[in-house]
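Spelled out from the first residue to the last, the chains are:
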Amino acid sequence: MSSGESAATAGNGRPARRLAVLSCMDARLDPYAILGLEPGDAHVIRNAGGLATDDAIRSLALSQHLLGTDTVILIQHTDCGMSKITDEDFAVQMEQATGRRPEWTAGAFSDLEMSVRESLRRLEQSPFLRHGSARGFIYEVETGELREVNSP
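Residues numbered from 1 in each chain as written. Predicted model: local features only at pLDDT ≥ 70, side-chain atom pairs only at ≥ 80, totals over all residues. Heavy atoms only, no water.

**Some thoughts on the overall build of the chain**
Under the convention used in this document: Elements are defined by DSSP. Helices are runs of H or I of four residues or more, strands are runs of E of two residues or more, and each kind is numbered from the N terminus. Values of the radius of gyration come from C-alpha atoms, whereas the globule rule sets the reference at 2.2 Å times the count of residues to the power 0.38. We call a residue buried when its accessible area falls under 20% of the maximum for its residue type, exposed when it is over 50%, and partly exposed in between, using a 1.4 Å probe and counting protein chains only. Two residues form a contact once any of their heavy atoms are found within 4.5 Å.
Tallying secondary structure elements over the chain gives 4 helices and 5 strands in all. Secondary structure of the chain in N-to-C order comes out as β-α-β-α-β-α-α-β-β. Against the compact-globule benchmark of 15 Å for 152 residues, the chain has a radius of gyration of 17 Å, which places it among compact chains. Principal axes of the C-alpha set define a box for the chain whose edges measure 55 × 35 × 30 Å. Relative to its 152 residues, the chain shows a buried fraction of 39%. Here the analysis covers contacts within the chain between residues at least 6 apart in sequence; of these, 64% occur between residues at least 24 apart.

**A short note on the nonpolar core**
It is characteristic of soluble globular proteins that their nonpolar side chains tend to be buried jointly. Defined as follows: Buried Ala, Val, Leu, Ile, Met, Phe, Trp, Tyr and Cys residues form a nonpolar core when they are joined through side-chain atoms within 4.5 Å.
Ranked by size, the top nonpolar core spans 33 residues in total, and within it Val21, Leu22, Leu60 and Leu123 carry the most contacts. The element best represented in this core is strand 1 (residues 19-24), accounting for 5 residues. Among residues more than four places away in sequence, those in contact with leucine 60 are Ala20, Leu22, Ile45, Val72, Leu123 and Leu129.

**Let's talk about helix 3 (residues 87-98)**
Using the following cut-off: For a helix, the expected span equals 1.5 Å multiplied by the residue count minus one.
Spanning 12 residues, helix 3 covers 16 Å between terminal C-alpha atoms, matching the ideal 16 Å at 1.5 Å per step. Glycine 99, located one to two residues past helix 3, shows a positive phi value of around 85°.

**Some details on the confidence of the model for the chain**
Stated precisely, the cut-off is as follows: Per-residue confidence from the predictor is given as pLDDT, running between 0 and 100.
For the chain, mean pLDDT is 92; residues scoring 70 or higher make up 92% of the total. Taken as a whole, residues 1-10 scores under 50 in pLDDT and shows 13 contacts with residues more than four places along the chain or in a different chain.

**Examining the pairing of strand 4 (residues 134-140)**
What counts is decided by this rule: DSSP-based pairing: two strands are paired if at least 2 bridges between them are found.
Among the 7 residues in strand 4, 6 count as buried, and that is most of the element. Here 6 bridges tie strand 3 (residues 71-77) to strand 4, and the two strands are oriented parallel to one another. If you follow isoleucine 75 over to strand 4, its bridge partner there is phenylalanine 137.

**Notes on unusual backbone geometry**
Positive phi is not limited to glycine here, since arginine 18 has a value of about 55°. Mapping arginine 18 onto the fold places it in the segment before strand 1. With relative accessibility at 43%, the residue arginine 18 sits in the partly exposed group. Even without glycine at this site, aspartate 79 takes up a positive phi of about 60°. Summarising the element assignment, aspartate 79 is placed in the loop between strand 3 and helix 3.

Shown next as C-alpha cells:
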C-alpha cells in the first residue's frame, strides 16, 4: 500500500469501519456527511425510502459475509417522497405509462417511525444477515439532526 492508502481503499472493498449503511436515495441526504464518514469507511446502499427490500438485504448479506461488515445503519428521513404516494397510485401510474403494472410494490408508507421499525424487523429476521447489528435512524432534513428509532 502506498502512504495514505488504507486497507479499505487498497482494492479489497472491505470498509475500514466494518459498517454498512442503508439509506434513502434522496439527493438531500449525504450518508457520509451525516455519519462523519470518509470514503472507504462504509458500504452505502441506497434505494427509494431506505427500505430493507430483498435487494437491499442481498447487498447487505454480501457486505457482511464476503467483505466483513458487522454493523448496519438504516437511515430514513422526514419529507420523504415515499410518504407522499401510495403503492396503488404508483402502480396505476406505471401501468398508464408503460402498459404494465409492476410485479413489485413501491414501498410507500405513511408513518415514518413505523417504516424504520419495519425495515429493522426485516433486517433482524433475515436468515442471511447477522442479527443484533442493525440500528435505525430518522434524518430530519429540516434541521440536519439524526435521531435513533428503537427496534420493534
